[in-house]
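Take a look at the letters that make up each chain.
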Amino acid sequence: MALLEVKDLEVNYGVIRALKGINFHVNKGEIVTLIGANGAGKTTTMQSVIGLIPIKSGHVVYNDQDITKTPCHKLVNLGMSQVPEGRRIFQELTVYENLMMGAYSIKKNDTFKDDIEMVYKRFPRLEERKSQIASTLSGGEQQMLAMGRALMSHPDILLLDEPSMGLSPLLVTEIFDIIQEINKEGTTILLVEQNAKKALSIADRAYVLETGSIVLEGDAKEMMNNDDIKKAYLGE
Amino acid sequence: MNILDIIINSLSTGGTYAMIALGYTMVYGIAKMLNFAHGDIIMVGAYTMLVCINRIPYTTKLGNMVADMLVKQCGLEEKVAANITVIAFGIISLIIAVIVCMLLGMIVEKLAYKPLRGASPLAVLITAIGVSYLLQSAAQIIFGPNQQNVPVGDFGKSKLFGVEISNYLIITLVVSVVVMVGLTLFIKLTRTGRAMVAVSEDKGAAQLMGINVNAIITLTFAIGSALAALAAYFTLIKNVGITNNMGAMPGIKAFTAAVIGGIGSVPGAMVGGILLGVIETVATKIPVIAPYKDAISFLVLVIILLVKPSGLLGKKRREKV
Ligand SMILES: Nc1ncnc2c1ncn2[C@@H]1O[C@H](COP(=O)(O)OP(=O)(O)OP(=O)(O)O)[C@@H](O)[C@H]1O
Ligand SMILES: [Mg+2]
């Protein structure tokens, strides 16, 4: 069953047509990846789905509920969480306070201690640095914090916008392993990536976005063997 | 001239500036706009207290009754009883002024600034100046152009280490310190306080956490306006008359204080406010430069900005990845 379904989504920046009516869906339990070149509209897709950018036309349906017009801050409570492009952790707050912000939507929080333990277990580096001001974390640690923060709200679907950006190959592998773990434990994943090879290797299905339109979709493993994809996105 | 006298004067003047500067800096930090009408909220607070104390029929009657009762039941002297009554009414009217100013701040935000969210900063600034004139003119139409006095009671004097000091100075100082500590703890320790920090840093990321950014902005205006009402009381307590443009000068000076401390920084507004209080008080005590005390405040602003463009405690804008 589709947990998230995007229908004819159009988004404009002034006169620029960033998304020209795209359709895609993410089934419960899947990892779906959206790949495409710089400026294809991947971030625009992620941000308009979660209500940070106004939608010109089309629909976003989540759990059989039309959320096209639902303000962003109400979506966390419905089970959507996003690790935005560039991480956007709260620089002035400590690691611990950032994780607290991640749990902001849960008003009466009985499981906070367990949740934060769960995040620390997944990212032991964060526990070591829990009282450190976030701006002084390394890029990799910031990515971990952004992911840990997003997990604090118990999302049913996690939207990840370029989690590998600026990370060393070793760390990229680590992060992708963690994404798979999170998925195995029951969180549906929508993953946007420049690193198409990595993304396709862990995804169930994939969509290729090119200047605001979806030009190809299908099984991720099959796509890895597609000659056009190899040439354009895998550098082979 | 005595050192203790200067210190207490500095800190109480500075505390008042800090109260106003906090309003500027919090709104700037969270809504990213200069609320030029903030000074006029002080004026509205002052006139609200005027209405409560002088204009509502029966308050005088009620006051006399209370004073009579104090004389009869508690055996106080008539003068003392009258003074206590005036003080009590002053404090009640302060509470009303705080509520009125909070509502006004929220209404102004909703009607004038919210529709301009995302508009150019210049449009917002000009709107704020418009709101400022609107409030001043409305006050002039309702209350006339003349200066008026609002009695809030005589707090007397104390002897501290052999120096006579007016109690209102000490009250101003203590209340501002309590408010500053309280506000700092609120921001640091509460869920809502942390949400304010998050919104001031990154509205988009804050929304992703489930924070209702509009509600936080409204709350910020409410807090700033409540502090402005308090600043109005600190003006009345000095027995200074009120006019429809009484908010302009303290507003600009407190804005200066906020910039000195680093606009957007809450501790910065406190430091800037106190510093301005010290500069002004010391300047007043030196006859040669006393007439130029306002110019000196702005001179200090210029020097500090030359040395540290982001203000004393201001943050440098970090590059986003
Ligand atoms: N705020 C904006 N104003 C105007 N144009 C924008 C804005 N944000 C994005 N765009 C444009 O919309 C298009 C899609 O941008 P988007 O950020 O979605 O790309 P992307 O696929 O995420 O790219 P990248 O891989 O580089 O992150 C680009 O042409 C970009 O220049
Ligand atoms: Mg992007």
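Look up: the structure comes first, before these words.
Residues numbered from 1 in each chain as written. Chains lettered and ligands numbered in written order. Predicted model: local features only at pLDDT ≥ 70, side-chain atom pairs only at ≥ 80, totals over all residues. Heavy atoms only, no water.

## Focus on the overall build of chain B
For step 1, the next point in the chain: If you tally the helices and strands in chain B, you get 12 helices and 2 strands.
For step 2, the next point in the chain: Beginning at the N terminus, the succession of helices and strands in chain B can be written as α-α-α-α-α-β-β-α-α-α-α-α-α-α.
For step 3, the next point in the chain: Overall, chain B is about 70 × 45 × 40 Å in size when its C-alpha atoms are taken along their principal axes.
For step 4, the next point in the chain: The proportion of buried residues among the 321 residues of chain B is 49%.
For step 5, the next point in the chain: When the 24 positive and 13 negative side-chain charges of chain B are each reduced to one mean point, those points stand 9 Å apart. (Helix = DSSP H or I, 4+ residues; strand = E, 2+ residues; numbered from the N terminus. Buried < 20%, exposed > 50% of the residue type's maximum accessible area, 1.4 Å probe, protein only. Lys, Arg positive; Asp, Glu negative; His and termini not counted. Charge placed at Lys NZ, Arg CZ, Asp CG, Glu CD.)

## Regarding the coordination of the magnesium ion (ligand 2)
For step 1, the next point in the chain: Taken together, the protein ligands of the magnesium ion (ligand 2) are Thr43 of chain A (OG1) and Glu85 of chain A (OE), with distances of 1.9 to 2.2 Å. Residue Thr43 of chain A is found in helix 1 (residues 42–49), and its partner Glu85 of chain A is found in the loop between strand 6 (80–83) and helix 3 (95–102); the two are separated by 42 residues along the sequence. (Donors = N, O, S within 2.8 Å, 3.2 Å for Na, K, Ca; no water.)

## Structural notes on the packing of aromatic side chains
For step 1, the next point in the chain: Scanning all chains against the criterion turns up 6 aromatic pairs over all chains.
For step 2, the next point in the chain: Aromatic side chains Tyr47 of chain B and Phe143 of chain B sit 4.4 Å apart centroid to centroid with 25° between the ring planes, which places their arrangement in the stacked category. Placement of the pair is Tyr47 of chain B in helix 2 (residues 38–55) and Phe143 of chain B in helix 5 (residues 121–143), with a sequence separation of 96 residues.
For step 3, the next point in the chain: A residue is classified by how much of its surface remains accessible, and Tyr47 of chain B, at 3% relative accessible area, is buried.
For step 4, the next point in the chain: A connected cluster of aromatic rings, assembled from ring pairs, spans Tyr24, Phe36 and Phe255 of chain B.
For step 5, the next point in the chain: A cation over a ring is seen here: Arg149 of chain A above Phe90 of chain A, with NZ or CZ 5.0 Å from the ring centre.
For step 6, the next point in the chain: Sitting above the plane of the Tyr104 of chain A ring, Arg191 of chain B keeps its charged end 4.0 Å from the centroid. (Phe/Tyr/Trp six-rings, centres within 6.5 Å; stacked < 30°, edge-to-face > 60°. Lys NZ or Arg CZ within 6 Å of the ring centre and 35° of its normal.)

## Some remarks on the nonpolar core
For step 1, the next point in the chain: Leu4, Val49 and Met80 of chain A together with Leu22, Tyr113 and Ile211 of chain B are the most contacted members of the largest nonpolar core, which has 111 residues in total.
For step 2, the next point in the chain: When residues in this core are grouped by element, the largest group, 15 residues, is from helix 9 (residues 213–237) of chain B.
For step 3, the next point in the chain: Not counting residues within four places of it along the chain, the set of residues in contact with Tyr113 of chain B comprises Met33, Asn35, Ala37, Val108, Thr127, Ala128, Val131 and Phe221 of chain B.
For step 4, the next point in the chain: Counting residues in hydrophobic clusters, the runner-up holds 46 residues, among them Ile31, Tyr120, Ala196 and Leu200 of chain A. (Core = buried A, V, L, I, M, F, W, Y, C linked by side-chain atoms within 4.5 Å. Contact = heavy atoms within 4.5 Å.)

## Focus on the interface of chain B and chain A
For step 1, the next point in the chain: Each side of the interface is counted separately: chain B has 20 residues, and chain A has 23 residues.
For step 2, the next point in the chain: The contact between chain B and chain A buries some 2,300 Å² in all, and 61% of this surface belongs to carbon and sulfur atoms.
For step 3, the next point in the chain: Three residues, Arg191, Leu208 and Met209 of chain B, lead the burial of chain B against chain A; their summed loss comes to 32% of the area buried on that side.
For step 4, the next point in the chain: Salt-bridge contacts for Glu97 of chain A lead to Lys188 of chain B; the nearest nitrogen and oxygen are separated by 3.1 Å.
For step 5, the next point in the chain: The leading source of residues in the side of chain B that touches chain A is helix 7 (residues 191–201) of chain B, at 6 residues.
For step 6, the next point in the chain: Tallied by class, the residues present in the side of chain B that touches chain A amount to 9 nonpolar, 4 polar and 7 charged. (Buried area = accessible area lost by both parts, 1.4 Å probe. Salt bridge = Lys/Arg side-chain N within 4 Å of Asp/Glu carboxyl O. Nonpolar A, V, L, I, M, F, W, Y, C, P; charged D, E, K, R; others polar.)

## Observations concerning the pairing of strand 8 (residues 188–193) of chain A
All names here are of chain A.
For step 1, the next point in the chain: Counting buried positions along strand 8 gives 6 out of 6 residues, so the element sits mostly inside the fold.
For step 2, the next point in the chain: Burial along strand 8 is two-sided: Thr188, Leu190 and Val192 facing one way and Ile189, Leu191 and Glu193 facing the other are all buried.
For step 3, the next point in the chain: Pairing of strand 7 (residues 157–161) with strand 8, which is carried by 5 bridges, proceeds in the parallel orientation. Each bridged residue has a counterpart across the sheet, and for Leu159 the counterpart in strand 8 is Leu190.
For step 4, the next point in the chain: One crossover worth recording links strand 7 to the parallel strand 8 by way of helix 7 (residues 169–184), and it is right-handed. (Pairing = 2+ DSSP bridges. Right-handed = clockwise from strand over helix to strand, strands pointing away.)

## Concerning helix 9 of chain B
All names here are of chain B.
For step 1, the next point in the chain: In a regular helix each residue adds 1.5 Å, so 25 residues correspond to 36 Å; helix 9 covers 36 Å between its end C-alpha atoms and thus fits that length.
For step 2, the next point in the chain: Taking burial as the measure, the 25 residues of helix 9 include 21 buried ones, the bulk of the element.
For step 3, the next point in the chain: Where helix 9 starts, the residue carrying a side-chain oxygen 3.3 Å from the main-chain nitrogen of Asn214 turns out to be Asn212.
For step 4, the next point in the chain: Immediately downstream of helix 9, the backbone of Asn239 shows phi near 65°, a positive value. (Expected span 1.5 Å × (residues − 1). Polar contact = N/O pair within 3.5 Å; in protein donor to acceptor, adjacent residues only side chain to side chain.)

## A short note on the site of ligand 1
All names here are of chain A.
For step 1, the next point in the chain: Near ligand 1, the surroundings consist of 14 residues, among which Lys42, Thr43, Thr44, Glu85 and Gln194 are the closest.
For step 2, the next point in the chain: For ligand 1, an oxygen atom lies 2.7 Å from a polar atom in the side chain of Lys42.
For step 3, the next point in the chain: Contact distances for ligand 1 include 2.4 Å between an oxygen atom and a side-chain N or O atom of Thr44.
For step 4, the next point in the chain: Surface burial for ligand 1 is 62%, taken as the share of its 630 Å² of free accessible area covered by protein chains.
For step 5, the next point in the chain: Contributing elements (two or more residues each) for the shell around ligand 1: strand 2 (16–27) and helix 1.
For step 6, the next point in the chain: Examining the composition of the shell around ligand 1, we find that 3 residues originate from one element, helix 1, more than from any other.
For step 7, the next point in the chain: When its residues are assigned to classes, the shell around ligand 1 shows 5 nonpolar, 6 polar and 3 charged. (Near = heavy atom within 4 Å. Areas by Shrake-Rupley, 256 points an atom, 1.4 Å probe, with all protein chains shown as cover.)

## Observations regarding the sheet that holds strand 5 (residues 65–66) of chain A
Residues and elements named next belong to chain A.
For step 1, the next point in the chain: Sheet architecture is open: 4 strands sit in the order 2-1-4-5, paired in antiparallel fashion. The open sheet terminates on both sides in strands that have one partner only, identified here as strand 2 and strand 5.
For step 2, the next point in the chain: Strand direction decides the pairing type here: strand 4 (residues 57–62) and strand 5, joined by 2 bridges, are antiparallel. Across the sheet, residue Val61 finds its bridge partner in strand 5, namely Asp66.

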